[in-house]
Amino acid sequence: MEFTYDGLVRYGFGFYNPNHAAALICAILPFVWLLFLGSGLLRKAAGVSISAALICALAMTYSRAGMLALAIEAAAFLIFAKFKCWKIFLGIGIFAVAAAFSLGALDRISYDASAGNRLEIWSAGLSLFAANPLGVGMGNSGQIASAFLLPDAIECRTLVNAHLTLLCEFGILIALLWTAFIAYALMGISPKSSPPKFAAYIAFCGMLVSSSLASIFDFDVLFYPQKYEHFTTLNIAMQWLNLIAFCALGAFLCSGSFSTRRAVLSAGVAAVLLAGLFLAGKNFPASPKFQKIGGTEFAGYFGRSGNAPERMALFCDAFNLKGA
């Protein structure tokens, strides 16, 4: 698919969002770079050729999150390889900048409204979580944040952060399991780990960066695709591919003998992180509370008595809540 943003044509390569395509491209690259660790010239030439093709595809997405993930992954791989292939990565870096320049992707490296809006959306998400720690229901976070917490010029369907969206929509219990899984996976590396495991670790971290800057796991689209008739079957399938890739990389890093100490530490890290986000949300303007009454969804502010609402709004898929 193609998208136009401020006159720039962005390619989605089957994804409905170019940022999602960029996340998958960055997840593939560390495994391609394993070819640089061999001694054969043919292997290294294949690695360079595939890397160049993928970097061109990445530049065509115009994804700033993807560019950042690429830079972090390249630095991490160089450290893992003890800078043995620094000349190759220097060439790749020069090629990446040249590709981004020639394709116009460098024009997006700026602090614009899209970047600034993220900060407001994330602040709204934290406020929403603090008021609704058990979640507001799948697909509802963007609607509520847009209608009640964001300026008129900003409207979002998700919270432009896959993990924050999951936290706000599914609640603290699911988020605790999700965060503990990520923490356990991140602890699954050591100096004795094999090169494929290091590549998986770097790819996992790259997807973690991408999913923190964009909703590359769009849960409402995944589990309720009939709401999005304008998305093709390929769009939905590619969306599943990102989630499966992230979970598979995490599961690979979690594999091996189970460590109780690591599990307890992961759960502790997750609990502390979520508690910190909850407290941070309390410092932002108050969010409406979500309720289900007779199967119908409402969001609103309640009076000091906690009984009669001062303002409450019914919302559903039939109309735009912010518009109403």
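All values reported here derive from a predicted model rather than from experimental measurement. Residue indices begin from 1 for each chain and proceed along its sequence in written order. Under the rules for a predicted model, residues below a pLDDT of 70 receive no local features and side-chain atom pairs below 80 are neither given nor counted, while totals for whole chains, interfaces and linings still include all residues. The side-chain values count all of the structure's non-hydrogen atoms but skip hydrogen atoms and water molecules.

Chemist: Report on the packing of helix H8 (residues 172-186) against helix H12 (residues 260-282), specifying residues and quantitative values.
Modeler: Taken N-terminus to C-terminus, the directions of H8 and H12 make an angle of 130°; their axes are 8 Å apart at the nearest point. One element, H8, and the other, H12, form an angle in the oblique class. The crossing of H8 and H12 is right-handed. Contacts between H8 and H12 involve Ile172, Ala175, Leu176, Thr179, Ala180, Ala183, Tyr184 and Ala185 from the first element and Arg262, Ala263, Ser266, Ala267, Val269, Ala270, Ala271, Leu273 and Leu274 from the second. Axis lines are fitted through C-alpha atoms, for helices just across the contact stretch, and the angle between N-to-C directions can take any value from 0 to 180 degrees. Counting from the N terminus, the helices are DSSP H or I runs at least four residues long and the strands are E runs at least two residues long. Working rule for angles: under 35 degrees goes down as roughly parallel, over 145 as roughly antiparallel, 65 to 115 as roughly perpendicular, anything else as oblique. Helix crossings are classified by the rotation of the near helix relative to the far one: an anticlockwise turn of less than a right angle makes the crossing left-handed, while a clockwise turn makes it right-handed. Two residues form a contact once any of their heavy atoms are found within 4.5 Å.

Chemist: Go over unusual backbone geometry, please, and point to the residues and values.
Modeler: You will see that Tyr62, though not glycine, has its phi angle at about 60°, which is positive. Turning to its location among the elements, Tyr62 is positioned in the loop between helix H2 (41-61) and helix H3 (64-80). Exposure remark for Tyr62: the relative accessible area of 7% places this residue in the buried category. The phi torsion at Lys82 lies on the positive side, around 55°, for a residue other than glycine. Within the element layout of this structure, Lys82 appears in the loop between H3 and helix H4 (86-102). The classification of residues rests on relative accessible area computed with a 1.4 Å probe and restricted to protein chains. Under 20% of the type maximum is buried, over 50% is exposed, and intermediate values are partly exposed. The exposure class of Lys82 is exposed, given its relative accessible area of 64%.

Chemist: Hey, could you go over the side chain of Lys197 for me, with residue numbers and the actual values?
Modeler: On the secondary structure map, Lys197 appears in helix H9 (residues 195-213). His is not counted here, nor are the chain ends, while Lys and Arg score as positive and Asp and Glu score as negative. Salt bridges, as used here, are contacts in which a Lys or Arg side-chain nitrogen is within 4 Å of a carboxyl oxygen on Asp or Glu. Although Lys197 is buried, it makes no salt bridge; Glu73 carries the closest opposite charge, 18 Å away. Setting aside residues no more than four positions away along its own chain, Lys197 makes contact with Gly188, Ile189, Phe252, Leu253 and Ser255.

Chemist: Can you break down the environment of Phe129 residue by residue, with the values?
Modeler: Inspection of the secondary structure puts Phe129 in helix H5 (residues 113-131). Expressed as a C-alpha distance, the spacing of Phe129 and Gly171, which sit 42 residues apart in the sequence, is 7.7 Å. Not counting chain neighbours up to four residues away, the residues in contact with Phe129 comprise Leu167, Cys168, Ile172, Leu274, Leu277 and Phe278.

Chemist: Go over the layout of surface pockets, please, and point to the residues and values.
Modeler: Whether a set of points on the 1 Å grid over the protein atoms alone is a cavity depends on a 1.4 Å probe fitting there but being unable to get out, while an open set qualifies as a pocket with protein on both sides within 12 Å along at least five of seven lines; lining residues are those with an atom within 4 Å of a point. Grid points are joined across faces, edges and corners, and a volume is the space filled by probe spheres set on the points. When its volume is computed, the second largest pocket comes out at roughly 370 Å³. Lining the second largest pocket are 19 residues, and of these His163, Leu164, Thr179, Leu273 and Leu277 sit closest to its centre. Looking at the lining of the second largest pocket, the elements that each hand over two or more residues are H5, helix H7 (162-170), H8, H9 and H12. When residues of the lining of the second largest pocket are assigned to their parent elements, the largest contribution, six residues, is made by H8.

Chemist: Provide a residue-level description of the pairing of strand E4 (residues 296-302), including the pertinent values.
Modeler: Within E4, five of the seven residues are buried, which leaves the element mostly enclosed by the surrounding structure. Bridge analysis of strand E3 (residues 289-293) against E4 gives five bridges, and the strand direction is antiparallel. Bridged to Lys292 within E4 is Glu297. Pairing between strands is defined by DSSP: at least two bridges between the two strands are required. In textbook terms, the turn of a hairpin is the stretch between consecutive antiparallel strands, and for E3 and E4 this stretch comprises two residues, one of which, Gly294, has a positive phi near 60°.

Chemist: Give a detailed account of empty space enclosed by the protein, specifying residues and quantitative values.
Modeler: According to the stated counting rule, one finds one cavity of 30 Å³ or more in the structure shown. Forming the walls of the largest cavity are Gly139, Arg157, Thr158, Thr165, Glu169, Asp218, Phe219, Asp220 and Tyr228. When residues of the lining of the largest cavity are traced back to their parent elements, those giving at least two are H7 and helix H10 (219-223). Split into classes, the residues belonging to the lining of the largest cavity amount to two nonpolar, three polar and four charged. Gly counts as polar in this scheme, as do all residues outside two lists: the nonpolar Ala, Val, Leu, Ile, Met, Phe, Trp, Tyr, Cys and Pro, and the charged Asp, Glu, Lys and Arg.

Chemist: Please give an account of the state of the cysteines that cites residues and values.
Modeler: Any pair of cysteine sulfurs within 2.5 Å is marked as a disulfide. Counted according to the given criterion, the structure contains zero disulfides. Cys26 takes part in no disulfide bond, and the closest cysteine sulfur, belonging to Cys205, lies 13 Å away. Its relative accessible area of 0% is what places Cys26 among the buried residues. In this model Cys247 remains outside any disulfide bridge; the closest cysteine sulfur is found in Cys254, 10 Å from its own.

Chemist: Can you explain the nonpolar core? Please cite residues and give values.
Modeler: Throughout this description, the term nonpolar core refers to a set of buried Ala, Val, Leu, Ile, Met, Phe, Trp, Tyr and Cys residues connected via side-chain atoms within 4.5 Å. Met207, Phe217 and Phe246 are the most contacted members of the largest nonpolar core, which has 52 residues in total. Contributing elements (two or more residues each) for this core: helix H1 (18-33), H5, helix H6 (141-149), H7, H8, H9, H10 and helix H11 (233-254). In terms of residue count, the dominant contributor to this core is H11 (seven residues). Apart from residues lying up to four places away in sequence, Met207 is in contact with Ala23, Ala27, Ile216, Phe217, Asn242, Ala245, Phe246 and Leu249.

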